[in-house]
Amino acid sequence: MLIPISEITISPGRREVQSGDVKELADSIAEVGLINPIMVDKSHTLIAGLHRLEAMKMLGRTEIECTVSDLAGLQAELAEIDENFIRKDLSDAEFRELLLRRKEIYESLHPETRATYDGGEFRGNQHQKVVGENFSATTKSFVQDTADKLGVSPRTVELQIQTAKNLTPEAKEILRDSDTKITKQSALKLSRLAPEQQREAARQLAAGDIHSVDEYSPTGPEAAIPPPKAPAVPYASSGRHYATFEESIADLKNHDKDCSYTPDALLAELDSFIQKFQKEFEWYSDPFCTVVFPDISHVQFDYLQKRFGTISTAIHDLLQQMKRSMKK
């Protein structure tokens, strides 16, 4: 239906329009007309189509074709966010913040999805049904719904949400105002730093002093705090004993040394593998992962337990083989 443009209101806080996009749309509308109506609610508040609305104003039009939606409140905001996702000028920082807001809205509208990814019934702490009949028992989880709409993997959505949740407001502001392109991977690694380190690392990235978070070294007061002392390792390399794991690895990287295996070289390599495995494994104790633990089915748990069992068996077999071969 046609609605006077003067009657359409725009809620505060919407993203600013891009003048170049408005001009491009205005040229298209002048040539072929408005193909897709804008969307407003019953009170004529804009839900979707800000750039099309501004293009019609630029052309001097006084009316615009609208779809009047029954959506209101959070549902209208969700529709607006979904439209913003397709805009080509959306920055990584804006994308993450929209994802975070979409998660809040989606799970407010569909609280059952916070309890189960299988569409089961959401119950309160006293096991009383708290989801009304208007909610579908098969509603997708936020991650799956968003991944389907954006055409990306669920893991991509999860990592972007983790970044948005864990970055401090100050780090976000530094990244947002930076003229340097900060990759999604750098933002993710930055979000995993301690809050007091994020500001300094973000500033170094924005200034171009470092090119990845892996290069970051604390220079503030926290740098004066010595790291925990690594335990002494029970092996030597090239006739020397090393007090730390790092010293032994540095020696292993020496190109001029004899690289054939020795007991010490083997232990150093296994030690390196174990340390790397432990560091990677710690990720699964992050609240971002543990939040889904209650939703894991018994079948899934049994499968995972068997998979971990294969690792334990392989370790046990290797140690037993080593023990049997040791000299008495």
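Up top is the structure these notes are about.
The following refers to the structure shown. (Residues numbered from 1 in each chain as written. Predicted model: local features only at pLDDT ≥ 70, side-chain atom pairs only at ≥ 80, totals over all residues. Heavy atoms only, no water.)

1. Quick notes on the packing of helix H7 (residues 169-177) against helix H9 (residues 195-207)
Put simply, the test is: Angles run from 0 to 180 degrees between N-to-C directions of axes, and those axes are lines fitted to C-alpha atoms, restricted for helices to the stretch in contact. By the criteria applied, helices consist of DSSP H or I runs no shorter than four residues and strands consist of E runs no shorter than two, each listed in order from the N terminus. For this classification, under 35 degrees means roughly parallel, over 145 means roughly antiparallel, 65 to 115 means roughly perpendicular, and everything else is oblique. The contact criterion used throughout is that any non-hydrogen atoms of two residues lie within 4.5 Å. Classification used: nonpolar for Ala, Val, Leu, Ile, Met, Phe, Trp, Tyr, Cys and Pro, charged for Asp, Glu, Lys and Arg, polar for all others including Gly.
H9 packs onto H7 with a crossing angle of 5° between their chain directions and a minimal axis gap of 9 Å. Classed by the angle they form, the pair H7 and H9 counts as roughly parallel. Touching Glu170, Ala171, Ile174 and Leu175 of H7 are Gln198, Arg199, Ala202, Arg203 and Ala206, all from H9. Looking at side-chain class alone, the contact of H7 with H9 contains 5 nonpolar, 1 polar and 3 charged residues.

2. What about unusual backbone geometry?
As a reminder of what qualifies: Burial classes follow relative accessibility: with a 1.4 Å probe on protein chains only, a residue under 20% of its type's maximum area counts as buried, one over 50% as exposed, and anything between as partly exposed.
The backbone of His44 shows a phi angle near 65°, a positive value even though the residue is not glycine. Relative to the assigned elements, His44 resides in the loop between strand E2 (38-40) and strand E3 (46-48). Among the residues examined, His44 registers a relative accessible area of 18% and is labelled buried.

3. Description of the packing of aromatic side chains
As a reminder of what qualifies: In summary, the pairing rule links any two rings of Phe, Tyr or Trp, Trp by its six-membered ring, whose centres are within 6.5 Å, and it sorts them by plane angle into stacked for under 30 degrees, edge-to-face for over 60 and tilted for everything else.
On inspection of all chains with the given rule, the structure shows 5 aromatic pairs. Among the aromatic side chains, those forming a connected cluster through ring pairs are Phe273, Phe277, Phe281, Tyr284 and Phe308.

4. Some remarks on helix H4 (residues 92-109)
Selection rule: To estimate how far a helix should reach, multiply one less than its number of residues by 1.5 Å.
End to end, H4 covers 26 Å across 18 residues, agreeing with the expected 26 Å (1.5 Å per residue, within 8%). Listing the buried residues of H4 in full gives Asp92, Ala93, Phe95, Arg96, Leu98, Leu99, Leu100, Arg102, Ile105, Tyr106, Glu107 and Leu109. Of the surrounding elements, those touching the buried residues of H4 are helix H3 (74-84), helix H5 (142-150), helix H6 (154-166), H7 and helix H8 (184-191).

5. Side note on the sheet that holds strand E4 (residues 63-68)
As a general point, the strands of a sheet are linked pairwise by backbone hydrogen bonds and lie either parallel or antiparallel. Condition: Whether two strands pair comes down to DSSP finding at least two bridges between them.
The strand order across the open sheet built from 4 strands is E1-E4-E2-E3, with neighbouring strands paired in mixed fashion. Sheet topology places strand E1 (2-4) and E3 at the edges, where each strand pairs with a single neighbour. With strand direction ignored, the average angle separating the axes of adjacent strands in the sheet is 55°. In terms of strand pairing, E2 meets E3 through 2 bridges, oriented antiparallel. Across the sheet, the residue bridging to Val40 is Leu46, located in E3.

6. Considering the pattern of salt bridges
This is how it is decided: In the sections that follow, a salt bridge refers to a side-chain nitrogen of Lys or Arg positioned within 4 Å of a carboxyl oxygen of Asp or Glu.
Inspection of the entire model under this criterion finds 15 salt bridges. Note that Asp92 and Lys181 form a salt bridge whose closest N and O atoms lie 3.2 Å from each other. Here Asp92, found in helix H4, pairs with Lys181, found in the loop between H7 and H8; they are 89 residues apart in sequence, far enough to count as distant. In this structure Lys181 comes out as exposed when scored by relative accessible area, which is 63%. Lys103 serves as the salt-bridge partner of Glu107, at 3.2 Å between the closest nitrogen and oxygen. Placement of the pair is Glu107 and Lys103 together in helix H4, with a separation of 4 residues, close to one helical turn. Taken together, the salt bridges that share partners define one network made up of Asp82, Arg102, Asp145 and Lys149.

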